[in-house]
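Breakdown of the fold
Here is how the chains run, residue by residue.
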Amino acid sequence: PRGKVLLQAEEVRRTMERLAYEVIERHGEGAPLALIGIQRRGVELAKRLKSVLESRFGSEIPLGSLDINLYRDDWTNMDSQPQIHRTQIPFNVDDREIILVDDVLFTGRTIRAALEAILDYGRPKRVELLVLVDRGHRELPIHADYVGKKVNTSQHEKVDVFVREQDGEDVVVLNEQ
Ligand code: 5GP
Ligand code: MG
């Protein structure tokens, strides 16, 4: 992967571990937690959290996924339309404490669409957001409760997230669009 390295493999590993411990600190044992990853890399990150949380709590944490794409002419378009392709939520969301997981948070439009999709399924007790990278430029009042790394980006930059499950290695790099 080319570009300016923001997180190396070991930093990605430590960051995900820290985020898992932040979740544990806020929720404590016995909380009705569930994870929902946003395809594709959010799902891989959610699987890693799941294994840390499960080994800590000693109980199963259900995992779902949402496949949402944003159609925008360019990445700065206010009118980008979220399209939900597939929703897999194999648990009852009622009264759950749900943690949405994504790799990068940008305008907030994907998360807004994700919330709408989840609320179609029922009434969670609470929904929180965990992201590996917050690159700024929000266009909606959406924030992440757990942030791996805040990165100041310009509109014409992008953050490339590589995960070992899909890309063979863990690394986060900053590139021109
Ligand atoms: P938003 O909806 O917040 O504008 O964008 C978030 C979604 O678009 C995320 O699911 C993410 O996959 C993708 N995205 C937006 N900007 C970036 C970026 O710089 N890098 C990566 N890897 N994904 C991005
Ligand atoms: Mg994503």
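Let me begin by describing the structure that accompanies this report.

Cut-off values and rules
Residues numbered from 1 in each chain as written. Chains lettered and ligands numbered in written order. Predicted model: local features only at pLDDT ≥ 70, side-chain atom pairs only at ≥ 80, totals over all residues. Heavy atoms only, no water. Donors = N, O, S within 2.8 Å, 3.2 Å for Na, K, Ca; no water. Buried < 20%, exposed > 50% of the residue type's maximum accessible area, 1.4 Å probe, protein only. Pairing = 2+ DSSP bridges. Helix = DSSP H or I, 4+ residues; strand = E, 2+ residues; numbered from the N terminus. Axes fitted to C-alpha atoms, helices over the stretch in contact; angles between N-to-C directions. Contact = heavy atoms within 4.5 Å. Near = heavy atom within 4 Å. Polar contact = N/O pair within 3.5 Å; in protein donor to acceptor, adjacent residues only side chain to side chain. Areas by Shrake-Rupley, 256 points an atom, 1.4 Å probe, with all protein chains shown as cover. Nonpolar A, V, L, I, M, F, W, Y, C, P; charged D, E, K, R; others polar.

Within the protein, Asp102 (OD) and Asp103 (OD) serve as the donor atoms for the magnesium ion (ligand 2), at 2.6 to 2.7 Å. Since its relative accessible area comes to 17%, aspartate 103 is described here as buried.

Strand order in the open sheet formed by three strands is S1-S9-S8, with antiparallel pairing between adjacent strands. In this open sheet, the two edge strands, each paired with only one partner strand, are strand S1 (4-7) and strand S8 (157-162). Strand-to-strand twist across the sheet, computed as the mean angle between neighbouring axes with direction ignored, equals 30 degrees. By the bridge criterion, three bridges tie S1 to strand S9 (residues 171-176) in an arrangement that is antiparallel. Of the residues in S9, the one forming a bridge with leucine 7 is valine 172. On top of the sheet, helix H1 (residues 9-27) reaches S1 and S9; it is set at about 30 degrees to S1, its chief contact.

On to the site of ligand 1. In the vicinity of ligand 1 lie 14 residues, with Asp102, Thr107, Gly108, Thr110 and Val159 positioned nearest. One nitrogen or oxygen atom from the side chain of aspartate 102 is found 2.6 Å from an oxygen atom belonging to ligand 1. Computed on the free molecule, ligand 1 has an accessible area of 490 Å², of which 86% lies beneath the protein chains in the complex. Going through the elements one at a time, strand S5 (97-105), helix H3 (109-119) and S8 are the ones with two or more residues in the shell around ligand 1. No other element matches the three residues that S5 contributes to the shell around ligand 1. Broken down by class, the residue content of the shell around ligand 1 amounts to five nonpolar, three polar and six charged.

A separate point is the environment of leucine 7. Position of leucine 7 among the secondary structure elements: in strand S1. With a relative accessible area of 5%, leucine 7 lands in the buried category. With 126 residues separating them along the chain, leucine 7 and valine 133 place their C-alpha atoms 9.8 Å apart. If we skip the residues at most four places from it in the chain, leucine 7 touches Val12, Thr15, Leu132, Lys149, Val171 and Val172.

These figures come from the coordinates and say nothing about function on their own.
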